[in-house]
Amino acid sequence: MFLRRFSVLSRPSDMSSLRSLGTVHDYVHLHLPSSSSFSWASSLPHTALIHFRNASARNAFSGKMMAELHDAIDAIECSLPSLSCVVLRGADGHFCAGADIRVAKTHLSSQEGGAAMSRVMTHALSRLRGLPLVSVAVLEGAAVGGGAELTTSCDFRIMKTSAKVAFVHANMGVVPGWGGAARLVKLVGRQQALKLLGRTEKMDAKKALEIGFADVIADDIEAATIEFLKPFNEKEPHVMQGLKRAVANADDIVFDQMQAKEHEIFQELWGGPANIAALDRHRTK
Ligand SMILES: CCCC(=O)SCCNC(=O)CCNC(=O)[C@H](O)C(C)(C)COP(=O)(O)OP(=O)(O)OC[C@H]1O[C@@H](n2cnc3c(N)ncnc32)[C@H](O)[C@@H]1OP(=O)(O)O
């Protein structure tokens, strides 16, 4: 059995306070292949789908969605024997606009609030990254801020030709708070990571492919996802899981320490003057 220890952990009190920050309209749902109606389930019999939606905020994560991401990972861990892969996908033609700024501004703008969000999301995305499953983020529309960080928690990224990714944290007076800086360095190297994080520009799919951030770009992302994941689904789940564990262990030994440092720097900056001013600039309806 795989058991990973992570350096940044959510606390029970973080989870209960975040869980109350949301509505029935924003959610994270898990679709398992055995019980699923999603369109590619029959082609990918060993693939789970984590699907998230917050229609009025470009699928930005409310506190409730952050807690529900942990719930989805709990449920995946209970169904591991039949799984080889997991797909992360937004809704309505969008990936994710990061943290729901309405929730962040009202409930999480203090240093403690930011630290709780960072613990919950860094832990959730470390758990996702540490699953013994091949993971794929399917991107359409925009992945911004924490949404861009979300994409880095997966092994692979499939991007619609028109999709864009932007690490806008520096514009908000912070560093990534969901563990995305360390993962980005792992993915594209120090120089490209510094450019993406420091210049905060929107990266299109062509550029993402060029620097090794995206693995596939396509107009039909569902067909591309099926084609990409089919060979993984044709192997025995326990073999694929063994492979993923071997690769992840080889790659992640000092990684957890990097995550702890990043979480520490985020805590220093969230709730500071530049961050409060950025949250205030966002118009609340
Ligand atoms: C440690 C992590 C910290 C964070 O993640 S902080 C959040 C960082 N994220 C952002 O700054 C993203 C801000 N949003 C954008 O840049 C754009 O909305 C985005 C994602 C490129 C999409 O652009 P468009 O497709 O043109 O859509 P739009 O701007 O008209 O937005 C549609 C409606 O969605 C809302 N929205 C977008 N991002 C949101 C967010 N993060 N939290 C709360 N609401 C958000 C936006 O206000 C708009 O609402 P409305 O329709 O005017 O009522």
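Residues numbered from 1 in each chain as written. Predicted model: local features only at pLDDT ≥ 70, side-chain atom pairs only at ≥ 80, totals over all residues. Heavy atoms only, no water.

In the nomenclature of an unreviewed UniProt entry, the protein chain is known as Ethylmalonyl-CoA decarboxylase of Thraustotheca clavata. Looking at the protein chain in UniProt, the text filed under Subcellular location (unreviewed entry) is "Cytoplasm, Cytosol". Taken verbatim from the UniProt record of the protein chain, the Sequence similarities (unreviewed entry) comment is "Belongs to the enoyl-CoA hydratase/isomerase family." (UniProt positions renumbered as here; feature names shortened; annotations may be inferred.)

Description of helix α1 (residues 12-19)
Of the residues making up α1, those classed as buried are D14, M15 and L18. For α1, the angular spread of the buried residues around the axis is 95°, confining them to a single face. In the core, the buried residues of α1 are packed alongside α2 (63-78) and α4 (111-130). (Buried < 20%, exposed > 50% of the residue type's maximum accessible area, 1.4 Å probe, protein only. Helix = DSSP H or I, 4+ residues; strand = E, 2+ residues; numbered from the N terminus. Arc of directions from axis to C-beta. Contact = heavy atoms within 4.5 Å.)

A short note on the sheet that holds strand β6 (residues 156-160)
Ordered in space as β1-β2-β3-β4-β6-β9, the six strands form an open sheet in which the pairing is mixed. Edge positions in the sheet fall to β1 (26-31) and β9 (216-218), since each of these pairs with one other strand and no more. Ignoring strand direction, the axes of neighbouring strands in this sheet form an average angle of 15°. With three bridges joining them, β6 and β9 adopt parallel strand pairing. Note that in β9 the partner of M159 across the bridge is I217. Here α2 sits on the sheet in contact with β1, β2 (47-54) and β3 (85-89), set at roughly 10° to β1. (Pairing = 2+ DSSP bridges. Axes fitted to C-alpha atoms, helices over the stretch in contact; angles between N-to-C directions.)

As for the packing of α1 against α4
Where α1 meets α4, the axes come as close as 10 Å, and the angle between the chain directions of the two elements is 100°. Taken together, the axes of α1 and α4 are roughly perpendicular relative to one another. Contact with α1, carried on its side by D14, M15 and L18, involves A116, M117, R119 and V120 of α4 and no other residues of that element. (Parallel < 35°, antiparallel > 145°, perpendicular 65-115°, else oblique.)

Section: the site of the ligand
In the region of the ligand, 22 residues are neighbours, and R58, A97, A99, I101 and G146 sit closest. I101 is positioned with one of its backbone polar atoms (N or O) 2.8 Å from a nitrogen atom of the ligand. G146 places a main-chain nitrogen or oxygen 2.9 Å from an oxygen atom of the ligand. Within the complex, the protein chains bury 68% of what would otherwise be the 970 Å² of accessible surface of the ligand. Here the shell around the ligand is composed, by residue class, of ten nonpolar, six polar and six charged. (Near = heavy atom within 4 Å. Polar contact = N/O pair within 3.5 Å; in protein donor to acceptor, adjacent residues only side chain to side chain. Areas by Shrake-Rupley, 256 points an atom, 1.4 Å probe, with all protein chains shown as cover. Nonpolar A, V, L, I, M, F, W, Y, C, P; charged D, E, K, R; others polar.)

Regarding the environment of N171
Mapped onto the elements, N171 comes out in the loop between β7 (164-166) and α6 (180-188). The exposure class of N171 is partly exposed, given its relative accessible area of 44%. Separated by 26 residues in sequence, N171 and G145 place their C-alpha atoms 9.7 Å apart. Those residues in contact with N171 that sit more than four places away from it in its chain are T200, A278 and R281. In this structure the side chain of N171 is engaged in a polar contact, spanning 3.3 Å, whose partner is the side chain of T200.

Structural notes on the pairing of strand β4 (residues 134-139)
Among the six residues of β4, six are classified as buried, and the element is accordingly described as predominantly covered. Side chains of β4 alternate between two faces, with V134, V136 and V138 and S135, A137 and L139 buried alike. As paired elements, β3 and β4 share five bridges and run parallel to each other. Bridge pairing in β4 places C85 opposite V134. The pairing of β4 with β6 spans four bridges and is parallel.

Observations regarding the side chain of E149
Inspection of the secondary structure assignment puts E149 in helix α5 (residues 146-151). No salt bridge is formed by the buried E149; its nearest oppositely charged neighbour, R183, is found at 4.5 Å. A distance of 2.8 Å separates a polar side-chain atom of E149 from the backbone nitrogen of G180. Each residue touching E149, except ones within four places of it in the same chain, is listed here: L125, F167, H169, P176, G177, W178, G179, G180, R183 and E262. (Lys, Arg positive; Asp, Glu negative; His and termini not counted. Salt bridge = Lys/Arg side-chain N within 4 Å of Asp/Glu carboxyl O.)

Brief notes about the packing of aromatic side chains
The full count for this structure, using the stated rule, is eight aromatic pairs. Summarising the aromatic geometry, the rings of F167 and F213 are spaced 6.4 Å apart at their centres and angled 90° between planes, so their arrangement reads as edge-to-face. In this pair, F167 sits in the loop between β7 and α6 while F213 sits in the loop between α8 (205-210) and β9, placing the two residues 46 residues apart along the sequence. The buried category is assigned to F167, whose relative accessible area is 1%. The class for F213 is buried, based on a relative accessible area of 0%. Look at F228 and F232: their rings are 5.9 Å apart centre to centre, the planes differ by 55°, and that puts the pair in the tilted class. Of the two residues, F228 and F232 are both situated in helix α9 (residues 221-233); the distance of four residues between them amounts to about one turn of the helix. Judged by its relative accessible area of 21%, F232 is partly exposed. Linked through ring pairs, F52, F61, F95 and W178 together constitute an aromatic cluster. The side chain of R157 reaches across the aromatic face of F213, ending 5.4 Å from its centre. (Phe/Tyr/Trp six-rings, centres within 6.5 Å; stacked < 30°, edge-to-face > 60°. Lys NZ or Arg CZ within 6 Å of the ring centre and 35° of its normal.)

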